[in-house]
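Chains, contacts and geometry: an overview
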Amino acid sequence: MNPPLSHRVKAGYGAADLGLAAVESMVQVYLFKFYNVVVGLPALYTGLALALAILWDAVSDPLMGGLSDRSRWAGGRRRPYLVPGAGLLAVSFLWIFNPPPLDGDAARFAFLLLSFILLNTAMTVVGVPHAALGSELSFDRHERTQLFAYRRLFGTVGALAGLLLPGLLMAQWDGPGDGAARARGLASWWLAAPIVVCAWVTLRATRGLDRSADHARPAPLHLRRLFADQAGALGNPYFRVLLLAFLVAAVARTFNASIALYYYEYRLQLTEQETIAWILLPFFLSFIASLPLWIRVARRWGKRGAGVFGVCGLGASTAVAYPLFPVGELTPPLIYGIAGGGLAGAVVLLDALVADTIDYDRLRTGLDREGLYFGVWRMGTKLARALGLGLNGVCLWLIGFSAGAASLSPETGWRLALLFGPVVGVLFVGAGLVLRCMPLTDERHQRIQELLRRRRERSPKR
């Protein structure tokens, strides 16, 4: 057995997620409204461009996972991709939030589609090897939970940066149009360097802990074989149910994030600065503070039981709370933001459960395919994100939202509240109920790990 990992290694591993989460946060919260309201692309076309880009890009995730599984670099099979991928991510991030002058909806649509494809591909090059590396760093199930908690901690710090910077910068300029454009563009410049620096920190902190492929000559990566491997991953009964639960939760999270600014501005009539400072910031701080608690709860109840409680609790409270908030008041959404952030911390357990399901595949096949599994996982993330963003565009169109209107009718505001509350809440509850059906209990996973230990003892090379 390997010695326990130091907190320096755990924190260093998590650092790369700061840059990834900063990009994801700014994209999820600001990108849709930026291209819809500021750039001037209609909501239906904005949602379609984002959805098409993610759907096209989703195939790159398992491809990247299979590639990293077969890589034989001197520095390992995961780490060498981190810094080059982060460099590409920083460039594409700058590009998408600093668009050139564009005339006509067709030009705006094409620019958003192509730039978002590039950005998501760059995130794949960094994100898939980084996630797979976390599964390989430790065999201990509780230490894995800590690793993914560190990753989620840095991710939340990054998400805060991506959330706060545009709002803080926008406060320096008057006018929602020009001010929003300048704030988004400048925020992307401020975040570009940390994206690369944090990937480099992870590269250094995990030096010597990244294993190369065990085979002397790894099998070449063919698309036909890739699809067969994906089918094999989906044949894992534990992973299949966990992935379904995650997909439903990811649709809910994307839809929630992309419609949040619409709800707070047009339904509750709060400014963007008030929303960020008094609702979204407390939510993320509560999320960070809850992570150690969820680790302890998982030890006591098991990862699955704790995850079901957190996700279902988040969904039920979301469905009830948001339609009831009074217009123009900060206190009720502030209180719920703190409570909701604490419940949302349970999502770290789903990431940790992926590594546990891979143990069953390793026992069944004798192969180390972390890259494949996390590639399929991230592919599911992107498919869910595409569905969530597309759903946002369609729903805003169906309820009669117009970006150019000076104010919304009470009926349209109420429909926004129903979308942001009950629709999102039902999705979260559904995800929790699916997770409850996952058959991988703590006792069963401990048995799987015991069998793997015996196999390793019989095979000194492994």
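This text follows the structure it describes.
My aim in this report is to walk through the structure given alongside it, one point at a time. (Residues numbered from 1 in each chain as written. Predicted model: local features only at pLDDT ≥ 70, side-chain atom pairs only at ≥ 80, totals over all residues. Heavy atoms only, no water.)

1. Overview of the pattern of salt bridges
What the rule picks out here adds up to 18 salt bridges. Ionic pairing is found between Arg78 and Glu136, a salt bridge with its closest N-O pair at 2.9 Å. Of the two residues, Arg78 is situated in the loop between α3 (60-70) and α4 (82-96) and Glu136 in helix α5 (residues 105-137); the sequence distance between them amounts to 58 residues. By the burial criterion, Arg78 is buried, and Glu136 matches it. (Salt bridge = Lys/Arg side-chain N within 4 Å of Asp/Glu carboxyl O. Helix = DSSP H or I, 4+ residues; strand = E, 2+ residues; numbered from the N terminus. Buried < 20%, exposed > 50% of the residue type's maximum accessible area, 1.4 Å probe, protein only.)

2. What to know about unusual backbone geometry
The backbone phi angle of Gln269 is positive, close to 60 degrees, even though this residue is not glycine. By secondary structure assignment, the location of Gln269 is in the loop between α9 (237-267) and α10 (272-301). For Gln269, a relative accessible area of 58% corresponds to the exposed category.

3. Things to note about the packing of helix α6 (residues 141-170) against helix α13 (residues 348-365)
The axes of two packed helices give the description: the angle between them and the distance between them. One way to put it is that α6 packs onto α13 with a least axis distance of 8 Å and a crossing angle of 140 degrees. When the axes of α6 and α13 are compared, the pair comes out oblique. For the crossing formed where α6 meets α13, the hand is right-handed. Of α13, the residues touching α6 (which contributes Arg141, Arg144, Thr145, Phe148, Ala149 and Arg152) are Val348, Leu349, Asp351, Ala352, Ala355, Asp356, Asp359 and Arg362. (Axes fitted to C-alpha atoms, helices over the stretch in contact; angles between N-to-C directions. Parallel < 35°, antiparallel > 145°, perpendicular 65-115°, else oblique. Left-handed = near helix turned anticlockwise from the far one by under 90°. Contact = heavy atoms within 4.5 Å.)

4. What to know about the environment of Gly76
Looking at where Gly76 falls in the secondary structure, it is placed in the loop between α3 and α4. The exposure class of Gly76 is buried, given its relative accessible area of 1%. For the pair Gly76 and Leu133, spaced 57 residues apart in the sequence, the C-alpha separation amounts to 9.8 Å.

5. A word on the nonpolar core
With 140 residues, the main nonpolar core has Leu31, Phe116, Leu119 and Tyr264 as its most contacted residues. Among the elements that take part in this core, α9 stands out by supplying 19 residues, more than any other. Not counting residues up to four positions away in its chain, the partners in contact with Leu119 are Val23, Val27, Leu89, Ser92, Phe93 and Ile96. (Core = buried A, V, L, I, M, F, W, Y, C linked by side-chain atoms within 4.5 Å.)

6. Overview of α9
Count 3.6 residues to each turn of an α-helix, and residues three or four apart come out pointing the same way. The end-to-end C-alpha distance of α9 is 43 Å, a good match for the 45 Å that 31 residues give at a rise of 1.5 Å each. Where α9 bends most, the angle comes to about 45 degrees, and this point is Ile259. The N-terminus of α9 is capped by Asn236, whose side-chain oxygen sits 3.1 Å from the backbone nitrogen of Tyr238. One or two steps after α9, the chain reaches Gln269, where phi turns positive at roughly 60 degrees. (Expected span 1.5 Å × (residues − 1). Bend = angle between axes of the 7 residues up to and from the residue. Polar contact = N/O pair within 3.5 Å; in protein donor to acceptor, adjacent residues only side chain to side chain.)

7. Details of a nonpolar patch on the surface
A cluster of nonpolar side chains, Leu44, Tyr45, Val394, Trp397 and Leu398, forms an exposed patch at the surface whose accessible area comes to about 510 Å². Of all the secondary-structure elements, those providing two or more residues to the nonpolar patch are α2 (43-58) and α14 (370-398). Looking at the nonpolar patch, the element that brings in the most residues is α14, giving three residues. Among the structural elements, Val394 can be located in helix α14. (Patch = residues over 30% accessible without salt bridge, like charges linked within 9 Å, V, L, I, M, F, W, Y side chains within 5 Å. Areas by Shrake-Rupley, 256 points an atom, 1.4 Å probe, with all protein chains shown as cover.)

8. Focus: empty space enclosed by the protein
It is a probe the size of a water molecule, rolled over the atoms, that shows where empty space is left. In total, this model carries four cavities of 30 Å³ or more according to the counting rule given. For the largest cavity, the lining is made up of 44 residues, of which Gln28, Arg152, Arg253, Phe284 and Phe287 are closest to its centre. In terms of residue count, the dominant contributor to the lining of the largest cavity is α9 (eight residues). (1 Å grid on protein atoms, 1.4 Å probe; cavity = no way out; pocket = protein on both sides within 12 Å on 5 of 7 lines; lining within 4 Å. Points joined across faces, edges and corners; volume = space filled by probe spheres on them.)

9. Looking at the side chain of Asp359
Relative to the helices and strands, Asp359 is located in helix α13. The class of Asp359 is buried, set by a relative accessible area of 0%. In this structure the side chain of Asp359 is engaged in a polar contact, spanning 3.2 Å, whose partner is the side chain of Gln449. The residues contacting Asp359, other than those within four sequence positions of it, are Phe139, Arg144, His445, Ile448, Gln449 and Leu452.

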